[in-house]
2 protein chains.
Amino acid sequence: MSDAKDRLRLWLRLLKLTRRTEAELRDRLRSDFATTLPRFDVMAALSQHEDGLKMSHLSAVLRVSNGNVTGIVDRLVDEGFVERRPVAGDRRAMIVRLTKSGRDEFARQAAAHEGWIDALLQDIPAEEARQLSARLAHLTQDKESADAV
Amino acid sequence: MSDAKDRLRLWLRLLKLTRRTEAELRDRLRSDFATTLPRFDVMAALSQHEDGLKMSHLSAVLRVSNGNVTGIVDRLVDEGFVERRPVAGDRRAMIVRLTKSGRDEFARQAAAHEGWIDALLQDIPAEEARQLSARLAHLTQDKESADAV
DNA sequence: GGCAGTTCCTTTGAGCTTAAAATATTCTGG
DNA sequence: CCAGAATATTTTAAGCTCAAAGGAACTGCC
């Protein structure tokens with residue numbers, strides 16, 4: 001029973017750290033780049049898929065609902081960072097990919113993002129970060145890995 | 001420079017773990033208790049303040065905006081779990097507190113919640129949970145602690 | 001060929017979230 | 001006392017989020 005309390009305490013602290021850090025990232029994305037974390041996440045996913053992703057594939061990668069991605073992509077298209085193009089041979093599907101402007105913008109955002117994280121987690125020594133990272137790696141590996149692309 | 005990458009990797013894994021766990025909690029709160037995480041958070045905060053909290057104080061504790069709390073409390077009041085009462089001597093302010101029904105309901109939710117966390121973080125040995133928890137404790141302590149109640 | 005079931009995407013409705021504006025009340029300095 | 005500043009809360013507008021429903025297109029089976 002005490003074990004449960006210990007895990008609960010750990011959970012609450014993890015939550016506190018991640019929420020605080022996420023809030024900070026949101027603020028900076030807003031003030032420095034006039035964007036949001038969900039938009040950043042979408043662009044990050046697309047930047048790793050040069051050839052673009054189908055909408056359904058994109059929402060699977062991000063683990064959010066289909067309808068959710070529709071709205072975010074709509075706004076990114078409006079701003080010219082992303083484009084939708086039809087898929088040859090399947091008129092239902094759409095491929096989403098970064099435009100040139102989107103790639104440039106994301107490169108700037110990603111560089112800033114990495115610096116922010118480094119600063120925000122400064123109190124964690126690099127060596128400890130590596131150890132923790134390794135420990136978490138096998139905790140977070142997908143148990144139902146239904147997302148082999 | 002490699003240190004920044006290490007911290008970034010750690011951050012991405014922390015985010016993965018907490019998002020996955022939070023998503024699981026949301027699902028269960030919804031299916032087992034027909035409630036949401038924000039509602040749970042509000043009730044948790046109120047359960048630690050027997051005498052209730054002013055709206056502004058509640059939003060400070062939860063670190064969310066004032067307007068946000070207004071809507072959540074509205075719904076909890078509709079369901080009879082929470083009540084607003086005027087503050088003697090200040091007609092602007094309202095004290096929010098759990099009703100009897102709210103205390104009973106939260107007790108059930110909190111018990112289930114603790115069990116869920118224990119199960120979800122089962123892969124972390126209790127001893128490691130304690131160590132990590134201690135390490136995180138001094139990372140997450142408020143640097144600007146402007147919320148001594 | 002045709003129709004039944006599936007897949008892909010968008011729409012809809014409800015709730016959460018914030019920043020900023022709006023209301024109402026209280027405090028303060030003159 | 002009273003005008004202006006400060007405080008407490010709600011409202012508003014925009015965006016994120018999901019589940020569920022809807023429309024269009026594809027696939028497989030007869």
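Residues numbered from 1 in each chain as written. Chains lettered and ligands numbered in written order. Predicted model: local features only at pLDDT ≥ 70, side-chain atom pairs only at ≥ 80, totals over all residues. Heavy atoms only, no water.

**Student:** I keep staring at the protein's contact with DNA strand D and nothing clicks. Help me out?
**Tutor:** Looking at DNA strand D, there are 24 residues lining it, with Arg75 of chain A together with Ser56, Asn66, Thr70 and Arg92 of chain B nearest. Near the protein, within 4 Å, the atoms of DNA strand D are sugar or phosphate in 79% of cases. Within the backbone of Ser56 of chain B, a nitrogen or oxygen atom sits 2.5 Å from a phosphate oxygen of DNA strand D. Residue Thr70 of chain B places a side-chain N or O atom 2.8 Å away from a phosphate oxygen belonging to DNA strand D. For the surface near DNA strand D, the secondary structure elements donating two or more residues are helix 2 (37-47), helix 4 (66-78) and strand 3 (90-98) of chain A together with helix 3 (55-62), helix 4 (66-78) and strand 3 (90-98) of chain B. Classifying every residue of the surface near DNA strand D gives 6 nonpolar, 8 polar and 10 charged. (Near = heavy atom within 4 Å. Polar contact = N/O pair within 3.5 Å; in protein donor to acceptor, adjacent residues only side chain to side chain. Helix = DSSP H or I, 4+ residues; strand = E, 2+ residues; numbered from the N terminus. Nonpolar A, V, L, I, M, F, W, Y, C, P; charged D, E, K, R; others polar.)

**Student:** What am I meant to see in the relation of the copies chain A and chain B here?
**Tutor:** Look at the two chain copies: a rotation about an axis and a shift along it is all it takes to match them. Turning chain A through 180 degrees and shifting it by 0.0 Å along the axis lays it on chain B, with an RMSD of 0.1 Å. Put plainly, the chains are arranged around a two-fold axis. Of all interface residues in chain A, 100% are interface residues in chain B too; the two copies therefore contact each other through one and the same surface. (Least-squares fit on C-alpha atoms with pLDDT ≥ 70 in both. Contact = heavy atoms within 4.5 Å.)

**Student:** Looking at this structure, how should I read the packing of aromatic side chains?
**Tutor:** What characterises a pair of aromatic rings is the spacing of the ring centres plus the angle enclosed by the ring planes. All names here are of chain B. Scanning the entire structure with this criterion turns up 4 aromatic pairs over all chains. Ring plane angle 55 degrees and centroid distance 6.1 Å describe the contact between Phe33 and Trp116, whose orientation is recorded as tilted. Taken together, the residues Phe33 in helix 1 (residues 2-33) and Trp116 in helix 5 (residues 100-120) connect sequence positions 83 residues apart. Judged by relative accessible area, which is 14%, Phe33 ranks as buried. (Phe/Tyr/Trp six-rings, centres within 6.5 Å; stacked < 30°, edge-to-face > 60°. Buried < 20%, exposed > 50% of the residue type's maximum accessible area, 1.4 Å probe, protein only.)

**Student:** So what exactly am I meant to see when it comes to the interface of chain A and chain B here?
**Tutor:** Interface size is often expressed as the accessible area that is lost when the parts come together. Counting residues at the interface gives 47 residues for chain A and 47 residues for chain B. Carbon and sulfur atoms supply 60% of the area buried between chain A and chain B, which totals about 4800 Å² over both sides. On the chain A side of the interface with chain B, the three residues burying the most area are Arg7, Trp11 and Glu114 of chain A, jointly 16% of the side's total. Of the charged contacts, one joins Arg19 of chain A and Asp41 of chain B as a salt bridge, the two residues approaching to 3.5 Å between their closest N and O atoms. Taken together, chain A and chain B are joined by 16 residue pairs in polar contact (both at pLDDT 80 or more). Listing elements by their share of the side of chain A that touches chain B, those giving two or more residues are helix 1 (2-33), helix 2, helix 5 (100-120) and helix 6 (126-140) of chain A. Of the residues forming the side of chain A that touches chain B, the biggest block, 20 residues, is contributed by helix 1 of chain A. Its residues assigned to classes, the side of chain A that touches chain B comprises 21 nonpolar, 7 polar and 19 charged. (Buried area = accessible area lost by both parts, 1.4 Å probe. Salt bridge = Lys/Arg side-chain N within 4 Å of Asp/Glu carboxyl O.)

**Student:** When you look at the protein's contact with DNA strand C in this model, what are you seeing that I'm missing?
**Tutor:** In the vicinity of DNA strand C lie 24 residues, with Ser56, Arg84 and Arg92 of chain A together with Arg75 and Arg91 of chain B positioned nearest. Backbone polar atom of Met55 of chain A to a phosphate oxygen of DNA strand C: 3.3 Å apart, as the coordinates give it. A distance of 2.5 Å is found between a phosphate oxygen of DNA strand C and a backbone nitrogen or oxygen belonging to Ser56 of chain A. Among the elements of the structure, helix 3 (55-62), helix 4 and strand 3 of chain A together with helix 2 (37-47), helix 4 and strand 3 of chain B are those that each provide at least two residues to the surface near DNA strand C. By residue number, the principal contributor to the surface near DNA strand C is helix 4 of chain B, which donates 4 residues. Across the surface near DNA strand C, the residue classes tally to 6 nonpolar, 8 polar and 10 charged.

**Student:** Is there a simple way to think about the sheet that holds strand 1 (residues 53-54) of chain B in this case?
**Tutor:** Strand pairing in a sheet relies on backbone hydrogen bonds. The paired strands run either parallel or antiparallel. Taken in spatial order, the 3 strands make up an open sheet running 1-3-2 (chain B), and their pairing is antiparallel. Single-partner strands in this sheet number two, and they are strand 1 and strand 2 (82-87) of chain B. (Pairing = 2+ DSSP bridges.)

**Student:** What's the story with the pattern of salt bridges in this structure? I'm lost.
**Tutor:** It is possible for side chains bearing opposite charge to pair when their charged atoms get close. Across all of its chains, the model carries 34 salt bridges over all chains by this definition. The residue Glu79 of chain A makes a salt bridge to Arg39 of chain A at a minimum N-O spacing of 3.9 Å. Remark: Arg39 of chain A occurs in helix 2 and Glu79 of chain A occurs in the loop between helix 4 and strand 2 (82-87); sequence separation between them is 40 residues. Among the ionic pairs, Arg130 of chain B bridges to Glu127 of chain B, the shortest N-O distance being 3.3 Å. Placement of both Arg130 of chain B and Glu127 of chain B in helix 6 (residues 126-140) is noted, with a separation of 3 residues, approximately one turn of the helix. The exposure class assigned to Arg130 of chain B is partly exposed, which follows from its relative accessible area of 36%. When its relative accessible area of 42% is taken as the criterion, Glu127 of chain B is described as partly exposed. Through salt bridges with shared partners, one network takes in Asp3, Asp6 and Arg9 of chain A together with Glu127 and Arg130 of chain B.

The quantities given are spatial measurements derived from coordinates; they are silent on function.
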